[in-house]
Amino acid sequence: MAIQWFPGHMHLTKKAISERIKEIDVVIELLDARLPGSSANPMLAELTGAKPALKVLNKQDLADPARTALWLAHYNSLPGTSAIALDASETTPARRLIDACHALAPTRGSMVKPMRVLICGIPNVGKSTLINTLTGKRATKTGDEAGITKLEQRIVLADGFYLWDTPGMLWPRIIVAKSGYNLAASGAIGRNAFNEEEVALELLDYLIQAYPALLQARYKVELPPGITDEQLLEEIGRKRGAVLSKGRVNLQKAAEIVIYEFRAATLGRITLETPEEFGQWLTAGRLLDAERQVKKDRIETDRLVRFKKIPRPPRES
Ligand code: G4P
């Protein structure tokens, strides 16, 4: 996919997490409820080991409630993990967060043994907004583009309850192609880093299968069997007057409309993946990645043999 991937503060954040993790009791990962699988950091488990994990499905007001329930059940079924759904309209989320952490680490939370919690998440997932609500002041700046939180900061949530914030972080490589598209559609990736038409087409391709009624209601379009994402994007452009000279549709404009209306949920409350679908994408992605690695290893071996750095390995039968 044509995404220029800027992992942002990745190295610094990785270092900060690795250094802090020894003294952490619970790791909160803020996920985007519209794409919980794709917004989960695949490196996090590696960095945090077997620490109890609280998955917070944020922006639930934008997501499909039935699918949020599926994701909560999925995470709650994993060992050492629990999940809650949240959105910015909840004015006092601290109690639910504190209770969920206590359930995961019941021996912590006193003045003698304080609860030490680390919070992480991808850029734009709503971490600054949540922390502002928790602290009741503008402790961190919010914004609509990648990671504004710069420095690790400690927040006292209650007596004996400390929260360490980390900068929004993406990871070095995307293994699941669909995740790249979903992250771009959600606003987690800066707008200059991807092709909007391509992202809108992927989005429509998914919505035709998963949310046809929402598309019909919003754009007043027919969805005959077999309609393609390209045909639908054209139709939406035409309906919305995104037309150039000689009646050609301005596909860029049409794509911007679709992405904007998905983000704002004017299209409806949508979740771009179920736990089952994401599991399948992940399995396929890992397989492809392993094949790619075998190919790369072969190229490297050939190069070393060519420059006589190593003897030619025996042929596989
Ligand atoms: P970050 O620190 O994780 O990078 O994210 P931040 O809090 O800056 O939030 C990114 C955008 O997401 C902000 O919108 C914020 O208002 C919005 N947001 C955060 N939590 C929720 C939520 O639960 N529901 C919804 N619908 N939106 C949420 P923005 O348009 O960039 O700025 P703003 O003008 O709305 O503040």
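Scoring rules and cut-offs
- Residue numbers restart at each chain and count upward from 1, following the sequence in its written direction.
- Only residues with pLDDT of at least 70 get local features here, since the model is predicted, and only at 80 or more are side-chain atom pairs given and counted; chain-wide, interface and lining totals rely on the full set of residues.
- Derived side-chain values reflect all non-hydrogen atoms in the structure, with water molecules and hydrogen atoms excluded from consideration.
- Every angle, taken between N-to-C directions, lies between 0 and 180 degrees, and every axis is a line fitted to C-alpha atoms, over only the stretch in contact when it is a helix.
- Each helix corresponds to a stretch of at least 4 residues labelled H or I by DSSP, and each strand to a stretch of at least 2 residues labelled E; elements are numbered beginning at the N terminus.
- Working definition: roughly parallel below 35 degrees, roughly antiparallel above 145 degrees, roughly perpendicular at 65 to 115 degrees, and oblique for all remaining angles.
- The contact rule is simple, with two residues in contact once any of their heavy atoms fall within 4.5 Å.
- Pairs of strands are assigned from DSSP output, requiring at least two bridges between the strands.
- For this purpose, a residue is taken to be near a molecule or strand whenever a single non-hydrogen atom of the residue falls within 4 Å of it.
- N or O atoms closer than or at 3.5 Å make up a polar contact, with two conditions inside protein: a donor-capable atom paired with an acceptor-capable one, and, for residues adjacent in sequence, both atoms drawn from side chains.
- Working definition of accessibility: Shrake-Rupley area with a 1.4 Å probe, residue cover restricted to the visible protein chains.
- Throughout this entry, Asp, Glu, Lys and Arg are counted as charged residues, while Ala, Val, Leu, Ile, Met, Phe, Trp, Tyr, Cys and Pro are counted as nonpolar. The remaining residues, Gly among them, count as polar.
- A cavity, in this analysis, means grid points on a 1 Å lattice covering only the protein atoms where a 1.4 Å probe fits yet has no way out; a pocket is instead an open set bounded by protein on both sides within 12 Å along at least five of seven lines, and a residue lines either one if it has an atom within 4 Å of a point.
- Grid points are joined across faces, edges and corners, and a volume is the space filled by probe spheres set on the points.
- Remark: nonpolar core denotes a set of buried residues (Ala, Val, Leu, Ile, Met, Phe, Trp, Tyr, Cys) joined through side-chain atoms within 4.5 Å.
- Only protein chains enter the calculation, and the probe is 1.4 Å; a residue is then buried if its accessible area is under 20% of its type maximum, exposed if over 50%, and partly exposed in between.
- These domain boundaries are the output of an automatic or database domain assignment.
- Any two rings among Phe, Tyr and Trp, with Trp reduced to its six-membered ring, count as a pair given centres within 6.5 Å; such a pair is stacked if its planes are under 30 degrees apart, edge-to-face if over 60, and tilted if neither.
- When the NZ atom of lysine or the CZ atom of arginine is within 6 Å of a ring's centre and also within 35 degrees of its normal, the charge is said to sit over that ring.

Draft legend 1. Broad picture of the packing of helix H9 (residues 229–239) against helix H10 (residues 251–263). Taken N-terminus to C-terminus, the directions of H9 and H10 make an angle of 90°; their axes are 9 Å apart at the nearest point. With respect to their mutual orientation, H9 and H10 come out roughly perpendicular. Between H9 and H10, the residues in contact are Leu233, Glu234, Ile236 and Gly237 and Leu251, Ala254, Ala255 and Val258, respectively.

Draft legend 2. Geometry of the sheet that holds strand E3 (residues 81–85). Read across the open sheet, the six strands follow the order E3-E2-E1-E4-E6-E5; overall the sheet is mixed. The strands lining the two open edges of the sheet, one partner per strand, are E3 and strand E5 (153–158). The sheet shows a mean angle of 25° between the axes of neighbouring strands, direction not considered. The pairing of strand E2 (residues 53–58) with E3 spans five bridges and is parallel. Within the sheet, the bridge partner assigned to Leu57 lies in E3 and is Ala85. Those strands touched by helix H5 (residues 127–135) are strand E1 (26–32), strand E4 (115–121), E5 and strand E6 (161–165), and its axis lies near 145° from that of E4.

Draft legend 3. Summary view of the site of the ligand. Close to the ligand lie 17 residues, the nearest being Ala88, Asn124, Lys127, Ser128 and Thr129. Residue Lys127 places a main-chain N or O atom 2.8 Å away from an oxygen atom belonging to the ligand. Side-chain polar atom of Ser128 to an oxygen atom of the ligand: 2.3 Å apart, as the coordinates give it. For the ligand, whose accessible area on its own is 710 Å², the fraction buried by protein is 69%. Of all the elements, H5 adds the most residues to the shell around the ligand, at three residues. Class assignment for the residues of the shell around the ligand results in five nonpolar, seven polar and five charged.

Draft legend 4. Structural detail: the layout of surface pockets. Space inside the largest pocket adds up to approximately 910 Å³. Surrounding the largest pocket, 36 residues form its lining, Ala40, Asn41, Pro42, Ala45 and Arg286 being those nearest its centre. Considering every element that reaches the lining of the largest pocket, the biggest residue donor is helix H11 (residues 275–306), with five residues. Its residues assigned to classes, the lining of the largest pocket comprises 20 nonpolar, ten polar and six charged.

Draft legend 5. Quick peek at the nonpolar core. Core analysis: the largest hydrophobic core is formed by 88 residues, its most contacted members being Ile28, Leu54, Leu207, Leu215 and Leu232. With eight residues, helix H7 (residues 196–210) is the single largest residue contributor to this core. Shared between two domains, this core holds at least three residues of each, these being domain 1 (8–165) and domain 2 (195–263). Setting aside residues up to four positions removed in sequence, Leu54 forms contacts with Val26, Val27, Ile28, Glu29, Ser82, Ala83, Ile84, Leu97, Ala100, Cys101 and Leu104.

Draft legend 6. Focus on the packing of aromatic side chains. What the rule picks out here adds up to five aromatic pairs. When the ring centre of Tyr162 is taken as reference, the NZ or CZ atom of Arg154 above it lies at 4.1 Å.

Draft legend 7. Inspection of the side chain of Thr68 at higher detail. Summarising the element assignment, Thr68 is placed in helix H3 (residues 65–76). Dropping the residues within four chain positions of it, Thr68 is found in contact with Ala33, Leu57, Ala63 and Ala85.

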